[in-house]
Every structure is written in structure tokens, then in C-alpha cells.
Amino acid sequence: MIKLDNVSKKFMTKYALRDVNLELTNGKIIGLVGENGSGKSTTLKLIAGLIRPSQGMITINGVQAHRQIASQVSYLSELDEYYGFYNVGQTIDFFATQFPDFSRDKAEQIRSFMQLERNAKLKHLSKGNRGRLKIVLTLSRDVPVILMDEPLSGLDPMVRDSIVKSLISFIDLEKQVVLITTHEVREVEMILDEVIAIKDGQIIGHHNVDQLRAEKNMGIVEWMAEAYE
Amino acid sequence: MSAWWHLTKKELRLGLPAFLLILITFAVILGVVSYIGYRAGFLWEAATIVSVLALGGHIFYLAYYLLYSLEKERKKLHLWLHNPQPGYALLLAKIAAGLITLIVSMLIIGTLLLISFNLAENFHQMEWSHSTQLAVFGILHIMMLSVNIAVYFIFFWMIFLLINRFTNGFFSFILTLIIFLISMSLYGWFMETTVYEALTMWGEINLLNILSGFEFNFSSDAFMAEFDTMPLYLGNYVFEASVTVLLFLAASWLLDRKVEV
Amino acid sequence: MTDTFHSAQPIYYQLAERIHRQILRGELKPGDKLPSVREMGIQSNVNPNTVQRTYRELEGMKIVYTKRGQGTFVTEDQDILNQMRERLKQKEISQFVHGMHEMGYTDEEIESGLKAFLRRRKGEQSE
């Protein structure tokens, strides 16, 4: 379980997040939606322990988030920077050595599902294939928390579809919680259990998606349009 | 341990260009100077001097290597820092990779030095007793200084990363430089104090005993006088080593707790 | 490719409807095994949790049953299937009639219109 308790994050004088309280329970795919600069990435980095809150506390299964929480968290960055001297296979192998919970079998499965060549040079990968590689690296870990920052951003529909399918296929919802940020809600709305909307660093709504549909007869996009007014 | 070793292998691969650049630069300078020396009839003497200077320059090697490696990493900090290993392990992997290449680099240049020295007839007229001890003494000190300088560098690099969160690269560099200069002048002031003397001036080592018989035919008196006024203390080594360890721990702490992606 | 769902209706509900229709059309026969939760998720691009919920709802309606360790199967109980068939018919008709009423047609107009439509269709098909 991920818990944010009164969390604020300030850069110089500007608040990126303000008094955020969240409780995310296991076994769910949760979407964090909002405009660019609303605080989505900041939230993910805070949970990943890559930045620290100015105020408040973040815990993952009771443990306070810090840099080495990487052992409990698989984080996919919105940047696609990897070590250019490795090829796909070497990158996977390197990750396998760094994370004890990394499953090479699973990585192989996802890699072949994504139709990535093991000996393809990273420098020569298309943006779509780099996006796919990130998915391989992130989902191959047997880890309680998966954080994905804009996994679909800037990718063509074919790639998006393969990524959404791989989420359904390779996430273990018995044990894992997945938090995805996106500003392309339509691509993922069918696979979300919950949706959280964030605006100017503040949470403006947190709902079970099917409940939202049943009670308000609204999809996420309509709800967001309403929430953002 | 295995994870750390694999990380170190990655660091070796990441730092490879830095290592090669030094060897290439050395080869180019050696070529140019040797050619000039050859024209003047002192080919091997020239090569010897270039090699000695290059070896001496290795006191900055590790800092340079880490500059390259850490600067590469700065563009993908999330990749480097999203790792379950503690900060000191991440930094030690880089230092270990740097040390391995430092040794290889010194071996290559040292071998060239030995060859050219043996062929440099002009140097044979001088008496070189205890040259092995001198070499060991020199090499050890180059490596120790290299680590020492590298750790100072890492520490200030962490300061740079902290500042870099708030302002652009250039301004962060300037600020870090100012902080560096201020701390160095404070350190210089501290070295004048009696506290520093008490901390460092114990366990005098008589270099002349170690290098007894180490004599140059020319100006040997002046050289000896130089050694006399600059006595070596065990305390100095212990003190510098402690400062190095403390700075390293501080840098690791900063990396774990303060540096942000 | 799977057709998509409406975003404004619960997905589990729409998926259940879809399975109903597959049973009616005979694509799923009594006693057939449904895809596993994950397979179904992949086939229809929805979250396995949602599929789980759909199967649970269908089970509650006794349209499917779960054999421990083997999977989920379409019921072989013809009564239940007939009930389902009837229920869906009623639902579809009520939606149609509701729509027609909203547009201002009377019951008589609906009835005669429907009869004429069906007669015409029959004629076309027999030609």
C-alpha cells in the first residue's frame, strides 16, 4: 500500500504538490491524470524516493520512501535515457543484475511479445521500441509497486496497444499496485480501476472508475472535464 | 556483491572513452615530443620525460575519470539512482572502475617509461641508486593523491548536483567553484593553526632513510635540503586519509538523502 | 480486433452484456469454458479485475459456474438460459419502445410499424 500523508513538495518558492493525501491499495491499476505540470511526475518521483517531500510523509507498505526504496518500487521514467553502449539484451541483463526480484523469464516473454530483438542497438531503436523496452524493464520485476510516468506519451497507436496489452498480461494484480500517469486518458481508461485527478499540485478527485460510470454515467474524460472546471 | 560487481562492470564500460582519451592524448604528445627530441638527437630522453610527466599527471586521473562518468550520469540520474544499492556502493563502483583503469593506464605508460629510460643513454651517466624504492614511493603517492583528489571532487560534485536543482548548469558550476575556493582557503587557514600541527605532525618518517643513497650527481645538496625542510609525518597521512573517508561518507550521504532527480 | 466499450457505462456490465450476446448467438454454447480472467482481459483490452467482477456477476445470475481449478463454464441449465433469453428480449424491447415514445409515436403506430417492417423484410429475404 502506498500512503501519502499531507505531502507537499516545494521547488524554491513554487509548490509542485500541496497537502496531498492519498491511499493506494494493492491489486489495482490506478491512473493519475492531469495537465502537464500539474504534479503527476513529482508524485511518482516522490513515491520512488528519487525526490523528497518538503513536508509530510510517504510510506510504502509502512516503510518511508527513500532512494533505496527502489527495492520495492519499479519506476518507469518519462525520459527514455539508457546506456547507449548496451544493446537490448545487455540492457535487460544489466537490470537483472541490479534488481534481485527481476525475472529473466518474464523479461524474455515480454520482450518477445513486444517483438524486440535482443541484439538491437539502443542507439538505433525507434521511439516506439524504446517505449517498449521501458515496459520490458519495468514489468519484469516481481515488485509490489509499479510506477509508470507517461508510458504511452508520443507513441503511435500500435505501440500503445501493445503496451496496454502487456499491462493486462504481465501485471500480477494479486500482489502489485500500478500507478500510471498520463494525459492521454482514452488510451488507458478501459484498464483503470481507479482514477485520480490532479490540478496545480492538488488532488481534485479520486474515484473507482466503474463506480463513476455507474453512479454518474460518466467516463473519465467527461468527469475530468467537470472536475477541471 | 554480485550486483555491485555488475555495476562496476557497467562503470568500466561507461568510463571507457575517458580512459582511451588519456591514452590517445598521451600517444599524440609522446609522438610530437619524441619527434622533436629525435631531431635534436634526444629521442629516448624526450620520451622518458614525457612519460614521467604523464605518470605524475595521473594524480588528476581519477578526478577526471569521475568527472566524465558522473557528467554522463547527470543526464540520466533517475537511471543511476533508481537502484537498491546504497550511495556508497554506487560511488565505490565508479571509484573502483576508475582505479582499475588508472592502474592499467599507469602500467602502459610506466612500461614505456622503463623502455625509453633504458634506451636513454644520457640518463645513464647519472647514478640512480634505489630507483626501485623511488619508483614505488612515487607510484604509491600518485595513486593515493589520485584517490584523495577524486574524493574531494566527488564531494563537490554532490554540492554541484544540489545547486543544479535550482539553477542552470553554468551558474551551479560557478557557485560550486566559489564554495570550493572558500572551503579551500578556510582549509588553508586551518593548516596554519596549532590544532592542525598537533593533528598531523607526529610519527616523523625519515625519507632519507627510506631513500638512503638516493643521490643525484647534480645539485644533490639542494635536493637534500629540500627534503630536509619538508619532513614527512605519518600523522599527515592518517589525517588526509581520515578527511578523505569523511568526505566520501558525506558525499554518499548527500547522494542518498539530498540529491534529487 | 475487439470492439471498444462505451466509456460512460461500467465496463464489467458491458462485458457481461457482451457475453450474454455471445451465448445467445451460440458462439458460446452451454458447457463451454470461458477464457481465463487474464485471457479475457487481453482479448477485450480490459483490466483483469474488471473481468473478475464480470464473471462474479454472471455467476450471481447463475449464467456461468466456476469449477475449482478448472475455470468458468457456461451453464447447461436450459431454464436459466431461457430466462436470460427472455430477459434480454424484454430489455431490448423496452429500450426500443422507450425510444419510440420519446419521439412521440403511439403504441398503435409502433405495433403497425413493426409488423409492416417485419413483413417487408420477410418479402425481401424470400426473393
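First, a word on scope: everything that follows refers to the structure included in this document. Note that the structure is a prediction, hence the values are computed from the model and not measured.

For the rest of this paragraph, the subject is the overall build of chain A. Counting its secondary structure elements, chain A contains 8 helices and 10 strands. Its C-alpha atoms give chain A a radius of gyration of 17 Å, near enough to 17 Å, the size a compact globule of 229 residues would have. Principal-axis analysis of the C-alpha atoms gives chain A an extent of 50 × 35 × 35 Å. Within chain A, the proportion of its 229 residues that are buried is 60%. Working note: accessible area of chain A is about 9100 Å², and carbon and sulfur atoms make up 46% of it. Computed over 28 positive and 30 negative side-chain charges, the separation of the two mean positions in chain A equals 7 Å.

Moving on, we get to the overall build of chain B. Each helix and strand in chain B was counted, giving 12 helices and 2 strands. Counted from the first residue to the last, chain B has its helices and strands arranged as α-α-α-α-α-α-α-α-α-β-α-α-β-α. Long-range pairs, those at least 24 residues apart, make up 84% of the contacts in chain B between residues at least 6 apart in sequence.

With that out of the way, let us pick up the interface of chain B and chain A. In this assembly, 29 residues from chain B lie in contact with 27 residues from chain A. When chain B packs against chain A, close to 2600 Å² is buried across both sides, 58% of that on carbon and sulfur atoms. Of all residues in chain B, His-78, His-82 and Pro-84 of chain B give up the largest surface area on contact with chain A, accounting jointly for 27% of the area buried on that side. Our count for the contact surface shared by chain B and chain A stands at 3 salt bridges. At the surface where chain B touches chain A, the tally comes to 19 residue pairs in polar contact (both at pLDDT 80 or more). Contributing elements (two or more residues each) for the side of chain B that touches chain A: α1 (2-40), α4 (77-81), α5 (87-119) and α12 (234-257) of chain B. A class-by-class count of the residues in the side of chain B that touches chain A yields 13 nonpolar, 6 polar and 10 charged.

For the rest of this paragraph, the subject is the arrangement of the chains. For this structure, the chain pair with the highest number of contacts among 2 pairs of chains in contact is chains A and B. A minimum C-alpha distance of 28 Å separates chain B and chain C, which share no contact.

Residue and element names in this part refer to chain A. An order of β6-β7-β8-β3-β9-β10 is seen for the 6 strands of this open sheet, with the pairing classed as mixed. Of all the strands in the sheet, the pair left with one neighbour each is β6 (73-76) and β10 (202-208). For this sheet, the mean angle separating the axes of adjacent strands, direction not counted, is 15°. Note that strand β9 (residues 194-199) and β10 share 6 bridges and pair antiparallel. By the bridge assignment for β10, Ile-196 is matched with His-206.

Once that is clear, we can look at the sheet that holds strand β4 (residues 55-60) of chain A. All names here are of chain A. The antiparallel open sheet is built from 4 strands, whose spatial order is β2-β1-β4-β5. A single partner strand is all that each edge strand has here, and the edge strands are β2 (14-24) and β5 (63-64). Here β4 pairs with β5 via 2 bridges, running antiparallel. Pairing of Ile-60 across the sheet is with Val-63, part of β5.

Let us now look at the pattern of salt bridges. Per the counting criterion, the structure on display carries 30 salt bridges over all chains. Of the charged contacts in the structure, one is a salt bridge between Arg-67 of chain A and Asp-256 of chain B, with a shortest N-O distance of 2.7 Å. Placement of the pair is Arg-67 of chain A in the loop between β5 and β6 and Asp-256 of chain B in helix α12, with the two residues belonging to separate chains. Each member of the salt-bridge network shares a partner with another, and the members are Asp-93, Arg-104, Glu-108, Arg-111 and Arg-118 of chain A.

Bringing the side chain of Ser-169 of chain A into the picture now. Position of Ser-169 of chain A among the secondary structure elements: in helix α5 (residues 157-170). Once residues lying within four places of it in the same chain are set aside, the contact partners of Ser-169 of chain A are Arg-38 and Ile-42 of chain C.

What you tend to see is this: most non-glycine residues have negative phi, and most peptide bonds are trans. Even without being a glycine, Glu-150 of chain A presents a positive backbone phi close to 50°. The residue Glu-150 of chain A is located in the loop between β7 (145-149) and α5 in this model. By relative accessible area, Glu-150 of chain A is classed as buried at 7%. The residue Lys-62 of chain C is not glycine, and still its phi comes out positive at about 65°. As for its placement among the helices and strands, Lys-62 of chain C is situated in the loop between α3 (48-60) and β1 (64-67). Judged by relative accessible area, Lys-62 of chain C falls into the exposed class, the value being 54%.

Leu-139, Leu-147 and Met-148 of chain A together with Trp-80, Leu-81 and Met-158 of chain B are the most contacted members of the largest nonpolar core, which totals 122 residues. Here this core takes 13 residues from helix α7 (residues 131-164) of chain B, the largest share from any one element. If we ignore the near neighbours within four places in the chain, the residues touching Met-158 of chain B are Leu-91, Ala-251, Leu-254, Leu-255 and Val-259 of chain B. Counting residues in hydrophobic clusters, the runner-up holds 21 residues, among them Phe-5, Val-51, Met-84 and Leu-88 of chain C.

Let us look at helix α2 (residues 43-57) of chain B. Residues and elements named next belong to chain B. The end-to-end C-alpha distance of α2, which contains 15 residues, comes to 21 Å, matching closely the 21 Å that a straight helix rising 1.5 Å per residue would cover. Residues of α2 that are buried include every one of Glu-45, Ala-46, Ala-47, Thr-48, Val-50, Ser-51, Ala-54 and Leu-55, and no others. Elements that come into contact with the buried residues of α2 comprise α1, α5, α6 (121-124) and α7.

Moving on: the packing of aromatic side chains. Each aromatic ring pair is described using two quantities: the centre-to-centre distance and the angle formed by the ring planes. On inspection of all chains with the given rule, the structure shows 19 aromatic pairs over all chains. Measuring from ring centre to ring centre gives 4.9 Å for Trp-157 of chain B and Phe-160 of chain B, while their planes differ by 50°; the resulting arrangement is tilted. With Trp-157 of chain B and Phe-160 of chain B both in helix α7 and 3 residues apart, this pair spans about one turn of that helix. The pair formed by Trp-157 of chain B and Phe-160 of chain B is uniform in burial state, with each residue classed as buried. Taken together, the ring pairs connect Tyr-82, Tyr-83, Phe-85, Tyr-86, Phe-94, Phe-95 and Phe-99 of chain A into an aromatic cluster. The ring of Trp-80 of chain B has Lys-94 of chain B sitting right over it, with the charged end atom 5.1 Å from the ring centre.

Criteria and cut-off values
Residues numbered from 1 in each chain as written. Chains lettered and ligands numbered in written order. Predicted model: local features only at pLDDT ≥ 70, side-chain atom pairs only at ≥ 80, totals over all residues. Heavy atoms only, no water. Helix = DSSP H or I, 4+ residues; strand = E, 2+ residues; numbered from the N terminus. Rg over C-alpha atoms; globule rule 2.2 N^0.38 Å. Buried < 20%, exposed > 50% of the residue type's maximum accessible area, 1.4 Å probe, protein only. Areas by Shrake-Rupley, 256 points an atom, 1.4 Å probe, with all protein chains shown as cover. Lys, Arg positive; Asp, Glu negative; His and termini not counted. Charge placed at Lys NZ, Arg CZ, Asp CG, Glu CD. Contact = heavy atoms within 4.5 Å. Buried area = accessible area lost by both parts, 1.4 Å probe. Salt bridge = Lys/Arg side-chain N within 4 Å of Asp/Glu carboxyl O. Polar contact = N/O pair within 3.5 Å; in protein donor to acceptor, adjacent residues only side chain to side chain. Nonpolar A, V, L, I, M, F, W, Y, C, P; charged D, E, K, R; others polar. Pairing = 2+ DSSP bridges. Axes fitted to C-alpha atoms, helices over the stretch in contact; angles between N-to-C directions. Core = buried A, V, L, I, M, F, W, Y, C linked by side-chain atoms within 4.5 Å. Expected span 1.5 Å × (residues − 1). Phe/Tyr/Trp six-rings, centres within 6.5 Å; stacked < 30°, edge-to-face > 60°. Lys NZ or Arg CZ within 6 Å of the ring centre and 35° of its normal.

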